[in-house]
Amino acid sequence: GQILYRAAEMMEARRTDLAAAASGTLEVDAAIDRLVWYAGWADKLAQALGSANPVAGPYFNFTVPEPTGVVGILCPDEPPLQGIVTRIAPALVAGNTVVAVASESHPVAAIELAEALAGVVNILTGQQAELAPWLASHMDGNAIDVTGANGDVAELERSAAENVKRVVRGTPDGESLWDIAAVVELKTVWHPIGR
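Residues numbered from 1 in each chain as written. Predicted model: local features only at pLDDT ≥ 70, side-chain atom pairs only at ≥ 80, totals over all residues. Heavy atoms only, no water.

Q: Describe the overall build of the protein chain, and please don't skip the residues or the numbers.
A: Tallying secondary structure elements over the protein chain gives nine helices and eight strands in all. Its C-alpha atoms give the protein chain principal-axis dimensions of roughly 65 × 40 × 25 Å. Buried residues in the protein chain amount to 43% of all 195 residues. Per element, the accessible surface of the protein chain, about 9800 Å² overall, is 56% carbon and sulfur. Looking at charge distribution, the protein chain has the averaged site of its 12 positive side-chain charges lying 10 Å from that of its 24 negative ones. (Helix = DSSP H or I, 4+ residues; strand = E, 2+ residues; numbered from the N terminus. Buried < 20%, exposed > 50% of the residue type's maximum accessible area, 1.4 Å probe, protein only. Areas by Shrake-Rupley, 256 points an atom, 1.4 Å probe, with all protein chains shown as cover. Lys, Arg positive; Asp, Glu negative; His and termini not counted. Charge placed at Lys NZ, Arg CZ, Asp CG, Glu CD.)

Have a look at this one:
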């Protein structure tokens, strides 16, 4: 949460450069607000997605959310800044490592954002058609977000299935607890009561 809040502050400080690379100050304001919205979930995820499960027996049973791991993200072309922020924020607030393919038609917005993020996200620029198959099939990836995919999503899903990679599709509004839930694993723990 603190990292995302700090990134929002850095975006605020780089507002002029970000506005020049994106579609103006309205998009920058919306992207900053979205980052702050997701940052607010950092200390609430365990309560919102986890639970204490009732069981018939001398046990405690808890379900807790954990990061999925490495999440590859195909960012939408439009809007260039808010699109990348909307896709990376859920994965970051959940504690994942992110490799994002920037908007192919407007990569400068992602590069400006990378400077504000200071190494938190690995942002790739280039042609999505060349980068997406590698991201989908890479054995070290644990999930791929195809929300911004420009090509054959079915082929990306087949490539991801080779190593049981989770395939994520974001919600249309962009601010959703379910976008975070899509990139976490729910771990259930049993613990005996008493002796």
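Q: I'd like to hear about the packing of helix H7 (residues 128-137) against helix H8 (residues 153-161), residue by residue, with values.
A: Relative orientation of the contacting elements H7 and H8 amounts to 30°, with a least axis distance of 7 Å. When H7 is examined against H8, the residues Ala132, Pro133, Ala136 and Ser137 are found in contact with a partner set consisting of Leu156, Ser159 and Ala160. (Axes fitted to C-alpha atoms, helices over the stretch in contact; angles between N-to-C directions. Contact = heavy atoms within 4.5 Å.)

Q: So what's going on with the sheet that holds strand S1 (residues 51-52)? Residues and values would help.
A: Spatially, S1-S2-S8 is the arrangement adopted by the three strands of the open sheet, whose pairing is antiparallel. Two strands bound the open sheet, and with one partner strand each, they are S1 and strand S8 (184-192). Judged from the two bridges that link them, S1 and strand S2 (residues 59-67) form a sheet pairing that is antiparallel. Counterpart to serine 51 in the pairing with S2 is threonine 63. (Pairing = 2+ DSSP bridges.)

Q: Break down H7 for me, with residues and values.
A: Because each turn of an α-helix spans 3.6 residues, side chains separated by three or four positions in sequence point in the same direction. All buried positions along H7 are accounted for by Gln128, Ala132, Leu135 and Ala136. Within H7, the buried residues cover an arc of 95° as seen down the axis, which keeps them to one side. Among the exposed residues of H7, those oriented more than 90 degrees off its buried face are Glu130 and Trp134. On its buried face, H7 is in contact with strand S3 (70-74), strand S4 (97-101), strand S6 (143-145) and H8. (Arc of directions from axis to C-beta.)

Q: Explain the sheet that holds S6 to me, using residue names and the numbers behind them.
A: Reading across the sheet, the five strands line up as S5-S4-S3-S6-S7 and stay open at both edges, with parallel pairing between neighbours. Each edge of the open sheet carries a strand with a single partner, namely strand S5 (122-124) and strand S7 (166-168). Direction aside, neighbouring strands of the sheet carry axes that sit 20° apart on average. Pairing analysis gives three bridges linking S4 to S5, with the strands arranged parallel. The partner of valine 99 across the bridge, within S5, is asparagine 122. Against the sheet, helix H5 (residues 80-93) contacts S3, S4, S5 and S6, and its axis sits at roughly 165° relative to S4. Sheet contacts for H7: S3, S4, S5 and S6; angle to S3, the most-contacted strand, approximately 155°.

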